[in-house]
Amino acid sequence: MTTIRDLASRVGQEVGVSPWVEITQERIDTFAKAIEDFQWIHVDPARAKASPFGGTIAHGFLTLSLLSHLSEQTFSFSDRRMGINYGLNRVRFTSPVPVGSRVRARFTLAKFETIEGDGVQVTWNTVVEIEGASKPALVAEWLGRHYY
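Residues numbered from 1 in each chain as written. Predicted model: local features only at pLDDT ≥ 70, side-chain atom pairs only at ≥ 80, totals over all residues. Heavy atoms only, no water.

### Considerations on the pattern of salt bridges
Taken as a whole and assessed by the stated rule, the structure comprises seven salt bridges. Between E14 and R106 there is a salt bridge, with its nearest N and O atoms 2.9 Å apart. Separated by 92 residues along the polypeptide, E14 in strand β1 (residues 14-17) and R106 in strand β4 (residues 102-115) bring together distant segments of the chain. In this structure, E131 engages R102 in a salt bridge whose closest nitrogen and oxygen atoms are separated by 2.9 Å. Separated by 29 residues along the polypeptide, E131 in the loop between β5 (119-130) and β6 (138-147) and R102 in strand β4 bring together distant segments of the chain. What emerges from the salt-bridge pattern is a single network uniting E14, R104, R106 and E129. (Salt bridge = Lys/Arg side-chain N within 4 Å of Asp/Glu carboxyl O. Helix = DSSP H or I, 4+ residues; strand = E, 2+ residues; numbered from the N terminus.)

### A closer look at the nonpolar core
Of all hydrophobic cores here, the largest spans 31 residues; its most connected members are L7 and W124. When residues of this core are traced back to their parent elements, those giving at least two are α1 (25-35), α4 (60-74), β4, β5 and β6. (Core = buried A, V, L, I, M, F, W, Y, C linked by side-chain atoms within 4.5 Å. Buried < 20%, exposed > 50% of the residue type's maximum accessible area, 1.4 Å probe, protein only.)

### Quick word on the environment of Y86
When you line up the elements, Y86 lands in strand β3 (residues 82-93). Assessed through its relative accessible area of 44%, Y86 is described here as partly exposed. Placed 70 residues apart in sequence, Y86 and G16 show a C-alpha to C-alpha distance of 20 Å. Once residues lying within four places of it in the same chain are set aside, the contact partners of Y86 are Q121, L143, G144 and R145. At a separation of 3.3 Å, a polar atom in the side chain of Y86 contacts the side chain of R145. (Contact = heavy atoms within 4.5 Å. Polar contact = N/O pair within 3.5 Å; in protein donor to acceptor, adjacent residues only side chain to side chain.)

### A few points about unusual backbone geometry
In this model, E36 sits at a positive phi of 55°, which is unusual for a non-glycine residue. Residue placement: E36 occurs in the loop between α1 and α2 (40-43). Even without being a glycine, D118 presents a positive backbone phi close to 55°. For D118, the position within the fold is in the loop between β4 and β5.

### Things to note about the pairing of β5
Within β5, 10 of the 12 residues are buried, which leaves the element mostly enclosed by the surrounding structure. Looking at chain direction, β4 and β5 are connected through 12 bridges and run antiparallel. Along β5, the bridge assignment pairs T108 with N125. Hairpin geometry of β4 and β5 is characterised by an intervening segment of three residues between the two adjacent antiparallel strands and by a positive phi of about 85° at G117. The sheet contact formed by β5 and β6 spans 10 bridges and is antiparallel. From the neighbouring strand, W124 faces β6, where its bridge partner is W142. (Pairing = 2+ DSSP bridges.)

### Overview of the packing of aromatic side chains
Two descriptors summarise a pair of aromatic rings, namely the distance from one centre to the other and the angle between the planes of the rings. Within the structure shown, the criterion is met by six aromatic pairs. Aromatic pair F75 and F77: ring centres 5.9 Å apart, planes at 15°, arrangement stacked. Judged by relative accessible area, F75 falls into the buried class, the value being 13%. The buried category is assigned to F77, whose relative accessible area is 12%. A centroid spacing of 5.1 Å and a plane angle of 20° characterise the contact between F75 and W124, whose relative ring orientation is stacked. You can see F75 sitting in the loop between α4 and β3 and its partner W124 sitting in strand β5, a full 49 residues away along the chain. Pairwise contacts between aromatic rings join F75, F77, F107, W124 and W142 into one cluster. Geometry around Y86 places R145 over its ring, the cationic atom sitting 3.8 Å from the centre. (Phe/Tyr/Trp six-rings, centres within 6.5 Å; stacked < 30°, edge-to-face > 60°. Lys NZ or Arg CZ within 6 Å of the ring centre and 35° of its normal.)

Okay, here's the thing in structure tokens:
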């Protein structure tokens, strides 16, 4: 993919798969501080060992917030001067993400619509996979706007 406008012909197709990103305890702790969510299942490894998960897990919203990073690692458009998150139509956290695991995102283009101001609105069906797991961590319908 070289330009945003090239996406128009890819509706209904998987357009990209991101590289793997490791979910470290440091990443979880930093996120907890940023949003002030210190639930023990995320930040207390000793207590979380006795949980059904056997250790700490990432916040669902941490996994969701990685979509921007994962997409930036996956796509590069020579004509894009700006991109913004526009929203989410649907999000489901389908499986916990254990500390130490790696995640990646698959991006399938569901819609491509031109908008005012030399831009497009894209709707991605996004699946965040956990390496070696049978169920994804997250499924989302994610909207973005890109301007060229």
